[in-house]
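# Examination of the molecular architecture
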Amino acid sequence: MLQPSAAARMPVPALLRRFVLIYLSAAIVLTVAIFLSIRFDVQDRINNAKVREAARVDTAKNLVARDFSTVTSDLRLLASTPSLRRFLDHGGEERFDELANLFLELCRISGNYDQVRYLDTSGREIVRVNFNEGSPAIVPRSQLQDKSGRYFFRDSIKLDRNEIFVSPLDLNIEHDQLELPYKPMIRFGMPVFDGAGHKRGVILLNYFGGELLQHFRDVMRGGDRRRGMLLNRDGYWLSSAKQDEEWGFMLGKPELRFGKKYPDVWNAISTGDSGALQTDAGLFVYSTVYPLQPGQRSSTGSPLPRSPSKHELSAREYYWKIVSFTPYATFTEAAEINEVGRDILYGVAYLLLAFGSLAIAFFSLSRKQARVRMEEEEARLREIAVTMSDGLLVADLEGKITFANPEACRLLGYSENELLGKDMHGTLHVHGDGKQKEKHECSMLRVARTGETYRAVEEIFRCKNGQLLPISVSVSAIIREQQAAGIVVAFHDITERKKFEQELERRAQIDALTSLNNRRHFYELAEQEILRTKRYGKPLALMMLDVDHFKDINDTYGHHVGDTVLQTLGAVCLQTMREIDIIGRLGGEEFAILLPEATAAQAFDAAERLRLAVAAIAMPLEQGQTLSFTISIGVTGLVAKDSDIADMLKRADEAMYQAKRSGRNRVCSQE
Ligand SMILES: Nc1nc2c(ncn2[C@@H]2O[C@H](COP(=O)(O)OP(=O)(O)OP(=O)(O)O)[C@@H](O)[C@H]2O)c(=O)[nH]1
């Protein structure tokens, strides 16, 4: 019969359920794996960025310090020039020109200063050179201004010799207005003294903060969306990627502060010297730059033209915060490959997952079905095995019993538990010749190796009580997945059959009337005895006997009395003769007795005893009568020329007839 294929028998709803379960589980694992790998990748990129940005921030910090150092050197140099000393000590047009030209040279050569000025102690500009967009010029006296109200003058004129005032970085104010476009500025001021040691005013350098900021932006600029920020100590942007965020403190806009936009980050940045912060917005790497050198002072400055500084600042209080900010999206986008490629890759991965899940669902369901079928099959077989009338044993390749049905247990006298695990060959199997064979020689176990069924009409199992159980047996191999897995032994108790056969055999050998050996069996036994006697050189004798006038008995008393006479004679023979003597009824009223290890003379004596015993019988008949009868016996011994029993019988017969002729009821012997 054609078997339907596994696919055809597959229940679709169960397959789909299994597929969905496997696919969803696998898809969740894959999604989590992708998510984690991106997360790890992102974190890796963030960690790299931390190191890279820290180096960048450090570079910017060194740059600011270098720019400040350059300006400080210029200021000290200017304050100590002989031109200034001469002007302060002697004044005059010539000295003025000399000083103004010196300022002009410095302004032109360095290119860093918007203004180079000398103010007297009252705050009036005495000498002033303007940069004029790259065309420095000495400002005519008529245009010089009074700067006594500006904080940078006030904070500078207070200082002692060699002390330097550095203003905050703010925007230049001209004629009480913010100069447009914005001109970021840092004013460096230093008091100057004449030869007599009197303070005569201050030298002021208006350093282009724009230069410094440009240097800063150059260092902090990057190709991605990373932003570099320079913040003053209050968190206002001095430099930002968005220009409209800058200079809030000059514009009276306190909302334009880093701390307003990123409060938590500012908390950390304002209290820490340097570090990195990873937030949902992105990565902040920051450091604090202290541009002032020892001996330099500063103040809070003032955005108002005529207001003094709120308070002074020491070198440690004058600081900026350099912040590098990289938005989080920069890392996530970088971590993913381009979107089309990513989508294709994910699509292929999930598709493969679907195919894989379907295959696993199919095969696992097939296996489950096969297992269920096998279990059902086993249950069915077990049911059959339990009810069947034959004993059934299952053994593994080693012959260990793995199953025994109730009939097997009953026949062998074991419980099922006692049989399980027992070595079938060693415990149960008895070989016909009585010699226990090696396992590899065992005809039953060999089936597992050859796969060929073994049938035997007669084998022997040993029962628990030691009795031998004759069985007929059929042994088949168990084949699982094309591999031998063990054997099934079906056996049947043949005790009754054996008895029947033995009875049949016995009946074939026994004379039904007298229960003596019949003629054929007597001949067989006699032949064996002759062979044995000849082999061992022992004597052997034979007697033949015949009931005298038996015909008359039959005729007188009836055939049934004749039968009784024959039975009585047989019984007397058995009683009188030895156990080893072989007695047979050859036919009619004729008997023969073979006497192993007896000479003719000894047989003669035995025959005489038998004759007398028979003659002494008074066989009861009906109505109180008795019947006596006699026998004639011929005796002979085995002689060398005898080839078989017929030779001996012939002589014994002759002797018996001699006895008949001599008057009956006597024994004659023939050599
Ligand atoms: N009752 C009975 N008679 C049998 C049986 N077998 C043979 N006979 C009889 O035995 C008789 C044998 O007689 P015979 O051979 O003439 O010899 P006999 O009468 O014994 O005389 P002798 O042997 O010369 O003494 C025959 O009449 C047979 O019918 C048997 O099984 N039962």
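Residues numbered from 1 in each chain as written. Predicted model: local features only at pLDDT ≥ 70, side-chain atom pairs only at ≥ 80, totals over all residues. Heavy atoms only, no water.

On to the site of the ligand, then. In the vicinity of the ligand there are 16 residues, among which His549, Phe550, Asn554, Asp563 and Arg664 approach most closely. Contacts to the ligand include aspartate 563, whose side-chain N or O atom sits 2.8 Å from a nitrogen atom. Between the ligand and the protein, one listed contact pairs an oxygen atom with a side-chain N or O atom of arginine 664 at 2.7 Å. Within the complex, the protein chains bury 66% of what would otherwise be the 660 Å² of accessible surface of the ligand. Of all the secondary-structure elements, those providing two or more residues to the shell around the ligand are strand S23 (540-547), helix H18 (550-557) and helix H19 (559-576). The greatest single-element share of the shell around the ligand, amounting to four residues, is contributed by H19. Classifying every residue of the shell around the ligand gives three nonpolar, five polar and eight charged. (Near = heavy atom within 4 Å. Polar contact = N/O pair within 3.5 Å; in protein donor to acceptor, adjacent residues only side chain to side chain. Areas by Shrake-Rupley, 256 points an atom, 1.4 Å probe, with all protein chains shown as cover. Helix = DSSP H or I, 4+ residues; strand = E, 2+ residues; numbered from the N terminus. Nonpolar A, V, L, I, M, F, W, Y, C, P; charged D, E, K, R; others polar.)

This next bit is on the nonpolar core. Note that soluble globular proteins tend to have their nonpolar side chains buried in a common cluster. Ranked by size, the top nonpolar core spans 61 residues in total, and within it Phe68, Phe103, Ile186, Phe188, Leu205 and Trp320 carry the most contacts. No other element matches helix H2 (residues 12-79), which puts 13 residues into this core. Contact partners of phenylalanine 103, with chain neighbours within four places excluded, come to Leu78, Val116, Arg117, Tyr118, Val127, Val129 and Ile203. Among the nonpolar cores identified, the runner-up in size contains 33 residues, and Leu516, Ala541, Val565 and Ala606 belong to it. (Core = buried A, V, L, I, M, F, W, Y, C linked by side-chain atoms within 4.5 Å. Buried < 20%, exposed > 50% of the residue type's maximum accessible area, 1.4 Å probe, protein only. Contact = heavy atoms within 4.5 Å.)

Another aspect to go through is the side chain of aspartate 155. Looking at the secondary structure, you find aspartate 155 in helix H5 (residues 151-157). The residues contacting aspartate 155, other than those within four sequence positions of it, are Phe165, Ser299 and Ser309.

Sheet architecture is open: five strands sit in the order S11-S10-S16-S13-S12, paired in antiparallel fashion. The open sheet is flanked by strand S11 (237-239) and strand S12 (274-278), the only strands paired with a single partner. Between one strand axis and the next, the sheet turns by 25 degrees as a mean value, whatever way the strands run. Helix-sheet contacts for H2 involve S12, strand S13 (282-289) and strand S16 (320-327), and the interaxial angle to S13 is about 25 degrees. Contacts between helix H6 (residues 209-220) and the sheet are confined to strand S10 (227-232), S11 and S16, with S10 contributing the most and set at about 145 degrees to the helix. (Pairing = 2+ DSSP bridges. Axes fitted to C-alpha atoms, helices over the stretch in contact; angles between N-to-C directions.)

Tallying each qualifying case throughout the model produces 24 aromatic pairs. A ring pair is formed by phenylalanine 258 and tryptophan 266, whose centres lie 6.1 Å apart and whose planes are at 65 degrees; its orientation type is edge-to-face. Residue classification places phenylalanine 258 among the buried residues on the basis of a relative accessible area of 0%. Aromatic pair phenylalanine 258 and phenylalanine 284: ring centres 5.9 Å apart, planes at 85 degrees, arrangement edge-to-face. Taken together, the residues span a long stretch of sequence, with phenylalanine 258 in helix H8 (residues 258-261) and phenylalanine 284 in strand S13 at a distance of 26 residues. (Phe/Tyr/Trp six-rings, centres within 6.5 Å; stacked < 30°, edge-to-face > 60°.)

Below, the discussion takes up the sheet that holds strand S24 (residues 582-587). If you walk across this open sheet you meet the five strands as S24-S25-S23-S28-S29, and the pairing is mixed. With partners counted over all chains shown, the strands left at the sheet margins are S24 and strand S29 (667-670), one partner each. Within this sheet the neighbouring strands show an average axis-to-axis angle of 20 degrees, counted without direction. Here H19 sits on the sheet in contact with S23, S24, strand S25 (590-596) and strand S28 (631-637), set at roughly 155 degrees to S23.

Time to look at the environment of aspartate 546. For aspartate 546, the location among the structural elements is in strand S23. When its relative accessible area of 5% is taken as the criterion, aspartate 546 is described as buried. Along the backbone, aspartate 546 and lysine 660 are 114 residues apart, and their C-alpha atoms lie at a distance of 8.9 Å. Setting aside residues up to four positions removed in sequence, aspartate 546 forms contacts with Glu589, Glu590, Thr630, Ile631, Ser632, Met656 and Lys660. A distance of 2.8 Å separates polar atoms of two side chains, one belonging to aspartate 546 and the other to lysine 660.

Moving on, we get to the pairing of strand S22 (residues 483-493). Relative to S22, strand S17 (residues 391-396) runs antiparallel, the two sharing six bridges. Each residue of the ladder has a partner; that of aspartate 396, found in S22, is glycine 486. Counting the residues between successive antiparallel strands, the hairpin from strand S21 (residues 468-480) to S22 contains two residues, one of them, glutamate 481, with a positive phi of roughly 50 degrees.

For the rest of this paragraph, the subject is unusual backbone geometry. Of note, the bond from leucine 180 into proline 181 is cis; its omega dihedral lies within 30 degrees of zero at -15 degrees. Examined against the element boundaries, proline 181 turns out to sit in the loop between strand S7 (177-178) and strand S8 (184-193). The phi dihedral of arginine 664 falls on the positive side, at around 70 degrees, and the residue is not glycine. With respect to the element layout, arginine 664 can be found in the loop between helix H21 (645-661) and S29.

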